Amino acid sequence: MNLAIETENLTKMYDGSVGCKEICLSVSEGQIFGLLGPNGAGKSTLVKTLVGLVRPTSGTARLLGRPLGNVEVRRKIGFLPENFGYHEWLTGRQLLEFHASLYKMDRWSRKSRIPLVLDVVGLTGSEKKKVRTYSKGMRQRIGMACALLPDPDLLFLDEPTSALDPLGRREVREIMQGLKERGKTIFLNSHLLSEVEMVCDQVAFIKGGSIIDQGSPDEMGADGAVVELHVDVVSEGLLDLIRPVARIVSSGSNTIRAAVKSREDIPELARAVVGSGGRLYRLAHEKVSLEEIFINLLKEGD
Amino acid sequence: MFTIFGFTFREAFSRKILLVSIIIAAVFLGLFGAGVHFAVKDIVKSHNQMLASIIYPQLLLFGLYFGGFIVSFLSIISSAGLISSEIESGNIQAVITKPLSRCEIITGKFLGQGVFLASYAVVMFAAISSIIYYKTGMQFPGIWRAGLLFMLQPIVLMSVTMLASVLTSTIASGAMAFMLYSIAVVGGVVEQIGYLINNLYLKNGGIVSSLIMPVDSLYRKIVHIMMPANNPLSAIQQMGPFGASAEPSVWMVVYTLLYVPAFYLLSVYYFARKDI
Ligand SMILES: Nc1ncnc2c1ncn2[C@@H]1O[C@H](COP(=O)(O)OP(=O)(O)OP(=O)(O)O)[C@@H](O)[C@H]1O
Ligand SMILES: [Mg+2]
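Residues numbered from 1 in each chain as written. Chains lettered and ligands numbered in written order. Predicted model: local features only at pLDDT ≥ 70, side-chain atom pairs only at ≥ 80, totals over all residues. Heavy atoms only, no water.

Enquirer: What exactly am I supposed to notice about the overall build of chain A here?
Expert: In terms of helices and strands, chain A carries 10 helices and 14 strands. When the backbone C-alpha atoms are referred to their principal axes, chain A occupies close to 80 × 40 × 35 Å. When contacts within chain A are restricted to residue pairs at least 6 apart in sequence, those whose partners lie at least 24 apart make up 68%. As presented, chain A carries roughly 13,900 Å² of accessible surface, and 48% of it is formed by carbon and sulfur atoms. (Helix = DSSP H or I, 4+ residues; strand = E, 2+ residues; numbered from the N terminus. Contact = heavy atoms within 4.5 Å. Areas by Shrake-Rupley, 256 points an atom, 1.4 Å probe, with all protein chains shown as cover.)

Right, dumping it as C-alpha cells:
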C-alpha cells in the first residue's frame, strides 16, 4: 500500500525549545490518522511542518510520495489551520473563488466545486454574506470548505470541530468518513477522544514533542484492557508480583485494577495472584476507552 | 502570482485606506488649488514679473513637497501590514500552503501594492502640475522624467516597509518606516542648510541620510528636473527647505533604482525562511 505521509526523524525546534522531536510516522493512503496529545505537545507544530508553514530543523518527510517543500503536490492537499483566519472583507463565495484560484483550479471545476463544498459544510445561503459577519462556527465551516475545495487526496485538519455545535461535529465526522470511502487520507489533530475513536483507523499519542505510542484504537483498547481483581488482601508483595505482568492502574484494600498489554497476559495475572498464595474471588476485564489510554499514557510519563 | 497580484491590488481598493487617502488627497488638492488661485490673482494684479518668477516656483515646490509627503504617508500606512498583518490575523496560513512558492507571494504583493501606489502618485503628480500649469502658465521641461521619479518615491518607501513587515509586526514596521522617512526629510533640510551656509558637515549629513533612505534626494532631483538652473533667478528659486540648492547626481537615481530590488530580494529571502 502506498504511503500518504511518511516522516523520518522529523524535528522542529523553536529557538532551542522543542516543538516536535524525531517524529517517525507512516500513514497509508485511505486512512484516517488521529494525532492526540495534551496542550503544547507539538500536534500543531507537526502539522505546520508537514504543510510547509514552518521549516523542519532536521529530518525528512514525504507527502503523497513527494519530498517536503514540493509545491505542485499541494494542489492535492487540503489544510484547515488551528487558528483559522480568513480575509474578512470578502464574502464567503469570493473567499472560495480566491482559494480556488490559489489552487489553480480551472473555471469549470470552480463552477462545480464551490457550490458543492458550500453545501457539504452547510453554508449554502450564507455565501453572499461577508466573512466578517460570520459566527465562529461558520468561520470554521468556511475554512473547512476551503480545505475541501480541490477534492484533496490528503487533508490536514487541526482541531476541525473546536468551534462547532454537536450537529456540526457529526457532519464533520460524516465528511471524513465520506472522504475515506473514496480513498482519501486524513490527518486529524483533536482533543475530542470519543470523536477520534469513532473515525480513526490509526492513532498516535504525542507528548513533549515525541510520539509515545501508536496503533489502531481497537488494538490499543483490547491490548490495554484493564482487569479488575478482587482478592482477600492487597499486599505490597502481591503488587510487586503483578507489576511485571501488568501496569497497576489503581489498588484498594481488596481490589486491584491493572492494565495488561495483551489478552494473553490475563491468565498470567491470575497465576501471579494464586501463586503468591492470595485468594482470588473475581477477575473481570473491561474494554478501555481511548480516553483512559490517553490519561494513563500521560500519567506514565510523569 | 497573478492571483496574489490581483488580490493585493483589489484589497487596496476595497479597504478603507483608499477612501481615506482619496479624501486626504482631495482636501489637500482643494486647499492647494485655492491657495494657488488667490496667490496668482494677487501677483497678476501687482504686475510684478520679478515677484511672479520667484513665487510661482515656490508654489510648485510646496505642492510637490506636500503631495509627496501624502503619497509617502499612504505608502507607509498601507505597506506596514502587507505581510505582518496577514500573519497576525492568520490569513496567510491557508495561502502559504497552496501550490505557489513563497517567492510568488512576495512578488505578487510587491507588484500589486506597487502598481496601486504608483497610480496614486501619478494622479497626485498630474493634479499638482496641472493646477500650477493652468494657473501660472509655468512650463515644465522634464515633466515625464519628473513624473516617473515622483512615482518612484512611494515604491522606495514600500520596499523598505515591506521588508520590515516580513521581519517584524505591523506596528514596528510602520514605526521603523516613519523613522527612516524622517531621517530622509531631516537630512534633506540639513543638506539645504549646509549649502546655504556652506558647511561641509551638514552637506555630508544630507548625503548619508539619502543613502539610508533616498526618498528625499528623489524629491530634490524632481525639483531640478522641473526647474532647471538655466536662469539667473534659479539660485533664489531653489532656496528654502523645499528647494534643491545642489542637484543630486544621476548616480543617486541609479542608487535608488538598485535600492528597490535589493529590498525586494531581501524580503523574498527572509520570507522564504520564516516560520509562520
Ligand atoms: N512560534 C513558536 N515559537 C516558539 N515556541 C512555539 C511556537 N509555536 C509553538 N511553540 C511551542 O512548541 C510546543 C508545541 O506547540 P504546539 O502548538 O505544536 O502544541 P499543540 O500540541 O498543538 O497544543 P494545543 O493542543 O494547545 O493546540 C509548545 O511548547 C509551544 O510552546
Ligand atoms: Mg494545536
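Enquirer: Got a minute to help me understand the sheet that holds strand S11 (residues 226–231) of chain A in this structure?
Expert: Sheets are built from strands paired through backbone hydrogen bonds, the pairs being either parallel or antiparallel. Residue and element names in this part refer to chain A. Pairing within the open sheet is antiparallel, and its 4 strands lie in the order S12-S13-S11-S14. For this open sheet the edge positions go to strand S12 (246–251) and strand S14 (280–286), each flanked by a neighbour on one side alone. Strand after strand, the sheet turns through a mean of 25° between neighbouring axes, direction not considered. As judged from the 5 bridges shared by S11 and strand S13 (residues 255–260), these two strands associate in the antiparallel manner. By the bridge assignment, Leu229 is partnered in S13 with Ile256. (Pairing = 2+ DSSP bridges. Axes fitted to C-alpha atoms, helices over the stretch in contact; angles between N-to-C directions.)

Enquirer: Looking at this structure, how should I read the coordination of the magnesium ion (ligand 2)?
Expert: The expected angle between donors at a tetrahedral four-coordinate metal is 109.5 degrees. At an octahedral six-coordinate metal it is 90 or 180 degrees. Around the magnesium ion (ligand 2), the protein contributes the donor atoms A:Ser44 (OG) and A:Glu82 (OE), at 1.9 to 2.3 Å from the metal centre. Note that A:Ser44 is positioned in helix H1 (residues 43–51) and A:Glu82 in the loop between strand S6 (77–80) and helix H2 (92–102), a separation of 38 residues in sequence. (Donors = N, O, S within 2.8 Å, 3.2 Å for Na, K, Ca; no water.)

Enquirer: How do you make sense of the packing of aromatic side chains when you look at a structure like this?
Expert: One pair of aromatic rings is described through two measures. These are the centre distance and the angle between the planes. Residue and element names in this part refer to chain B. This structure, assessed with the given rule, holds 19 aromatic pairs over all chains. Ring centres of Tyr65 and Tyr219 lie 5.1 Å apart, and the angle between their planes is 80°; this geometry places the pair in the edge-to-face category. In this pair, Tyr65 sits in helix H3 (residues 49–79) while Tyr219 sits in helix H10 (residues 215–226), placing the two residues 154 residues apart along the sequence. Given the relative accessible area of 2%, Tyr219 is considered buried. Put simply, the rings of Phe28, Phe32, Phe62, Tyr65, Phe66 and Tyr219 pair up and form one aromatic cluster. Against the face of Phe271 rests Arg102, its NZ or CZ located 5.6 Å from the ring centre. (Phe/Tyr/Trp six-rings, centres within 6.5 Å; stacked < 30°, edge-to-face > 60°. Buried < 20%, exposed > 50% of the residue type's maximum accessible area, 1.4 Å probe, protein only. Lys NZ or Arg CZ within 6 Å of the ring centre and 35° of its normal.)

Enquirer: Would you mind showing me how to read the nonpolar core here?
Expert: Counting residues in hydrophobic clusters, the biggest one holds 154 residues, and the most contacted among them are A:Phe156, A:Phe187 and B:Met124. Among all residues touching A:Phe156, those that are not within four sequence positions of it are A:Ile5, A:Val47, A:Leu50, A:Val51, A:Leu63, A:Ile77, A:Gly78, A:Phe79, A:Leu80 and A:Phe187. A:Leu229, A:Val231, A:Leu239 and A:Ala258 belong to the second largest nonpolar core, which has 16 residues in total. (Core = buried A, V, L, I, M, F, W, Y, C linked by side-chain atoms within 4.5 Å.)

Enquirer: Would you mind showing me how to read the site of ligand 1 here?
Expert: Residue and element names in this part refer to chain A. Every one of the 14 residues lining ligand 1 counts as a neighbour, but Gly40, Lys43, Ser44, Thr45 and Glu82 are closest to it. With respect to ligand 1, the side chain of Asn39 contributes an N or O atom lying 3.0 Å from an oxygen atom. In the model, an oxygen atom of ligand 1 is placed 2.5 Å from a nitrogen or oxygen of the Thr45 side chain. Considering ligand 1 on its own, with 630 Å² of exposed area, one finds that the protein chains cover 61% of that surface. (Near = heavy atom within 4 Å. Polar contact = N/O pair within 3.5 Å; in protein donor to acceptor, adjacent residues only side chain to side chain.)

Enquirer: Would you mind showing me how to read helix H3 (residues 107–120) of chain A here?
Expert: All names here are of chain A. The end-to-end C-alpha distance of H3, which contains 14 residues, comes to 20 Å, matching closely the 20 Å that a straight helix rising 1.5 Å per residue would cover. Along H3, the sharpest change in direction is near 25° and occurs at Arg113; proline Pro115 comes one to four residues later. Here H3 has its buried residues at Ser109, Arg113, Ile114, Val117 and Leu118. On its buried face, H3 sits against H2 and helix H4 (136–148). The N-cap of H3, judged by a side-chain oxygen 3.2 Å from the amide nitrogen of Trp108 a few residues on, is Asp106. Just past H3, the residue Gly122 takes up positive phi, approximately 75°. (Expected span 1.5 Å × (residues − 1). Bend = angle between axes of the 7 residues up to and from the residue.)

Enquirer: So what exactly am I meant to see when it comes to helix H5 (residues 166–181) of chain A here?
Expert: Since the α-helix turns once every 3.6 residues, residues separated by three or four places project in the same direction. Residues and elements named next belong to chain A. When the terminal C-alpha atoms of H5 are compared, their 23 Å separation across 16 residues agrees well with the 22 Å that a helix rising 1.5 Å per residue should span. Residues Gly168, Val172, Arg173, Ile175, Met176 and Leu179 constitute the buried set of H5. The arc that holds every buried residue of H5, seen down its axis, measures 155°, which confines them to one face. In H5, the exposed positions angled more than 90 degrees off the buried face are occupied by Pro166, Leu167 and Glu181. Among the structural elements, strand S3 (32–36), H3, H4, strand S7 (154–158), strand S8 (185–189) and helix H6 (193–199) are those in contact with the buried residues of H5. (Arc of directions from axis to C-beta.)

Enquirer: Just checking my understanding: could you explain the pairing of S11(A) for this structure?
Expert: Every regular strand shows the same layout, with side chains that alternate between the two sheet faces. Residue and element names in this part refer to chain A. The element S11 is extensively covered by neighbouring structure, given that 5 of its 6 residues are classed as buried. Bridge count between S11 and S14: 6 bridges; the pairing is antiparallel. Bridged to His230 within S14 is Arg282.

Enquirer: Can you walk me through the pattern of salt bridges in this structure?
Expert: Any two side chains of opposite charge can pair if their charged atoms end up close together. Residue and element names in this part refer to chain A. Counted according to the given criterion, the structure contains 17 salt bridges over all chains. Its salt-bridge partner being Arg139, residue Glu88 comes within 2.5 Å of it at the nearest N-O pair. Of this pair, Glu88 sits in the loop between S6 and H2 while Arg139 sits in helix H4, and the two are 51 residues apart along the sequence. Asp240 serves as the salt-bridge partner of Arg243, at 2.8 Å between the closest nitrogen and oxygen. Taking relative accessible area as the criterion, Asp240 reaches 45% and is therefore assigned partly exposed. (Salt bridge = Lys/Arg side-chain N within 4 Å of Asp/Glu carboxyl O.)

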